[in-house]
Amino acid sequence: MSGVNIINLISQQQDLEQFRKKNWEGSFAEYLDLVRADPLTTRNAFQRVYDMILSYGSEVYEPTRGERRTHFRFFSDPFEDGRDAVFGLDESLEQFVNALKSAARGYGIEKRVLLLHGPVGSSKSTIARLLKKGLEKYTASDEGALYTLGWKDPESDDVHWCPMNEEPLHLVPNRFRRDVAAQLNADRPDDAYQVRIVGELDPFCRFMYAQRLKKYGGDWTKVIDDVRVKRIILSEQDRIGIGTFQPKDEKNQDSTELTGDINYRKIAEYGSDSDPRAFNFDGEFNIANRGLIEFIEVLKLDVAFLYDLLGASQEHKIKPKKFAQTDIDEVILGHTNEPEYRRLQNNEFMEALRDRTVKIDIPYVTKLSDEIKIYQKDYNAEKVQGKHIAPHTIEMAAMWAVLTRLEQPNNAGLTLLQKLKLYNGKSLANFTEENIKELRAETVSEGMQGISPRYVQDKISNALVAHPEARSVNPFMVLNELEAGLRNHSLLTNDDQRIRYRELIAVVKEEYENTVKNEVQRAIAADDDALKRLCGNYIDNVKAYTQREKVKNKFTGQYEEPDERLMRSVEEKIDIADSRKDDFRREIMNYIGALSIDGKSFDYKTNERLYKALQLKLFEDQKDSIKLTSLISNVVDQETQAKIDVVKSRLIRDYGYDEESATDVLNYVASIFARGDVKN
């Protein structure tokens, strides 16, 4: 495609009407018409952020019986195809959204700092980044439209726009505000946001307003003729309505970074350092007005900054140098790690800050399936070019990470790995959903300590580049990287912790061994025709046994007693005790009968327990003929090799292996068989 064609392609897809909407400019009277048509235009910052989150929808689900949880789709990152999606934190995010809801309705939390508290790498910064991206997108939409004011220069017709993105309704004199608000709210239902004119003009606009009021002899209507209103779209990069503040060295940082500073070059022009035209209202609090300010590692701030933070949260005011208290309207979001928060708790001089803080815990993920999703965002076939990630590699790394975060259960009959599986939705004998709730309730700080996802991501990355000769990365490569890195892990403070984490790697390796043994067993026993024959034989014998009949021998044509040896060889594979065999056989026949009543035919794959038993029985019958252990000796006859190739092709087709990883798994499982370590 030529350059001209490419330009034409873009030209055809331009939306000039949207551009005009986003760059709307008009008079104050036209702005009042906009507000009259849609009073949501005047929402405060908390209302806007809350509505933004709700605009993407939500889903209510039950993680356990009787427990309701809401997933807000906003936190799945609808902006960049899930790049910043947050997994497994619905409970914490629901608390956060409820805090925003309370603040949006003016119940008091709007006077607080929203503090995201949790260990390093637990998604605190990601949540803040999502909120900032969301505000940019929302204020660019018709639903989230936002406006500010400016002052026409009588000499040049240039417009001096408000440096703090002021709400234009602040121009309405105090004694008229109630009547104006009543007019604007005339058609609004009581349960909707009402237009409330709260706050005063910032120093720059106040100066411009007073100057023109004097010029026009107090005629407010003429003052308004000099006012222009424009639509603004919040932007972190352009520093419009979104501010970010990060602590630095105390010698190189002062409070002017938050509240602005004098422009010394303009003092000569305006004659005074207290003239607002000689002041840069470009501190983070100033530019974040009408939107959101993020305080990174907020509790590392010097005390001088915290005083500004207290006033900004409780009073919604800041104090720029040389000027009076100035109103602000913004969501103040901070985040901090556990050590800094403990320091806050132990510092009696920080009591005022504690009292003005709403703490929302953002723990590590403790559900395996959610932890897997975190890594699959970055390590998948689309993003990892030239390397194949073998099945279970991400799963085993995630399993180890979650195990480090779980607290040892008080129940002596429950292992940490079993607890992980219960949390992940797996059912275990003698454990109900109530038991799982009790397990969670008995923990003190589960998820607030352990290994960060960042460490796991670093080690997966190492494994991908550390073996250039390998086309495939397997779980052992990653687990070995994880274990080796513990020696120099900067956040591990004692050897006991390192020893515990190494022991958990051994637990994961054992789990992986069991997983791949079962996988190879299923691949060997994946002959559908053989399974059907075995199932038919078993069902014929069970039917005869339960009805006290004989079975016709298909080879001799003679009627014989049901083959007890065959039936038990199947049932023992799923631990059906001899005393329970009759119950199990009747259960199977009742299941087949119920299907028949519904007009359905029996398929062994629909009964999970029987399917597993048949697979294990077929595996036992076939493993010797395949002679998998011959792989260890490297002496494989042609017939055996053909059977092994069939198993390998099944691993590739059905389980996601490539040629190299399938060969590695077969060799590994063969070595287990060779030492006789096989569980039927």
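Residues numbered from 1 in each chain as written. Predicted model: local features only at pLDDT ≥ 70, side-chain atom pairs only at ≥ 80, totals over all residues. Heavy atoms only, no water.

**Describing the sheet that holds strand E8 (residues 242–245)**
Using the following cut-off: Should DSSP find at least two bridges between two strands, the strands are regarded as paired. In DSSP terms, a helix is any run of H or I states spanning at least four residues, a strand is any run of E spanning at least two, and both are numbered starting from the N terminus. In this analysis an axis means a line fitted to C-alpha atoms, helices contributing only their contacting stretch, and an angle means the value between N-to-C directions, from 0 to 180 degrees.
The strand order across the open sheet formed by five strands is E8-E11-E14-E4-E15, and the pairing between neighbours is parallel. Strand pairing shows two members of the sheet lacking a second neighbour, E8 and strand E15 (357–361), which therefore form its edges. For this sheet, the mean angle separating the axes of adjacent strands, direction not counted, is 20°. With four bridges joining them, strand E4 (residues 113–117) and strand E14 (residues 331–336) adopt parallel strand pairing. By the bridge assignment, Leu-115 is partnered in E14 with Gly-334.

**Side note on the pairing of strand E7 (residues 227–232)**
In this sheet, E7 lies alongside strand E1 (residues 25–27) in antiparallel orientation, the contact comprising three bridges. Residue Glu-25 lies in a different strand from E7, and its bridge partner there is Lys-230. In this sheet, E7 lies alongside strand E5 (residues 146–152) in antiparallel orientation, the contact comprising six bridges. Within E7, the residue paired with Leu-149 across the bridge is Val-229.

**Some remarks on the side chain of Arg-498**
The condition is simple: Here a polar contact means two N or O atoms within 3.5 Å. Within protein one must be a hydrogen donor candidate and the other an acceptor candidate, and residues neighboring in sequence count only if both atoms are side-chain atoms. Only heavy atoms enter the contact rule, under which two residues are in contact if any of them lie within 4.5 Å.
Assignment of secondary structure puts Arg-498 in helix H22 (residues 495–524). Here Leu-486 takes part through its backbone oxygen, which lies 2.8 Å from a polar atom of the side chain of Arg-498. In contact with Arg-498, other than residues within four places in its own chain, are Leu-486, Arg-487, His-489 and Leu-492.

**Considering empty space enclosed by the protein**
Formally: Think of a 1 Å grid over just the protein atoms. A cavity is a set of points where a 1.4 Å probe fits yet cannot get out, a pocket is an open set with protein on both sides within 12 Å along at least five of seven lines, and lining residues have an atom within 4 Å of a point. Grid points are joined across faces, edges and corners, and a volume is the space filled by probe spheres set on the points.
What the rule picks out here adds up to two cavities of 30 Å³ or more. In this structure, the largest cavity occupies an estimated 40 Å³ of space. Val-113, Leu-115, Val-298, Leu-299, Leu-309, Leu-344, Leu-353 and Thr-357 together form the lining of the largest cavity. In this structure, the second largest cavity spans a volume of roughly 30 Å³.

**Quick look at the domain arrangement of the protein**
Going by this rule: Each domain's extent was defined by an automatic or database domain assignment.
The domains assigned to the protein are domain 1 (22–37 + 147–231) and domain 2 (44–108 + 126–140). Computed over C-alpha atoms only, the centres of domain 1 and domain 2 are separated by 31 Å.

**Re the pattern of salt bridges**
When the charged atoms of two side chains lie near each other, side chains of opposite charge can form a pair. We count it as follows: Whenever Lys or Arg places a side-chain nitrogen within 4 Å of a carboxyl oxygen from Asp or Glu, that contact is recorded as a salt bridge. For the exposure calls, accessible area comes from a 1.4 Å probe over protein chains only, and a residue counts as buried if that area is under 20% of its type's maximum, exposed if over 50%, partly exposed in between.
Within the structure shown, the criterion is met by 43 salt bridges. We note a salt bridge from Asp-77 to Lys-133, for which the minimum N-O separation is 3.4 Å. Residue Asp-77 is located in the loop between strand E3 (69–72) and helix H5 (90–104), and its partner Lys-133 is located in helix H6 (residues 124–139); the two are separated by 56 residues in the primary sequence. Accessibility classification places Asp-77 together with Lys-133 in one group, the buried group. In this structure, Lys-133 engages Asp-84 in a salt bridge whose closest nitrogen and oxygen atoms are separated by 3.0 Å. Taken together, the residues Lys-133 in helix H6 and Asp-84 in the loop between E3 and H5 connect sequence positions 49 residues apart. Judged by relative accessible area, which is 4%, Asp-84 ranks as buried. In this structure, a network of salt bridges that share partners links the residues Asp-77, Glu-80, Arg-83, Asp-84, Arg-129 and Lys-133.

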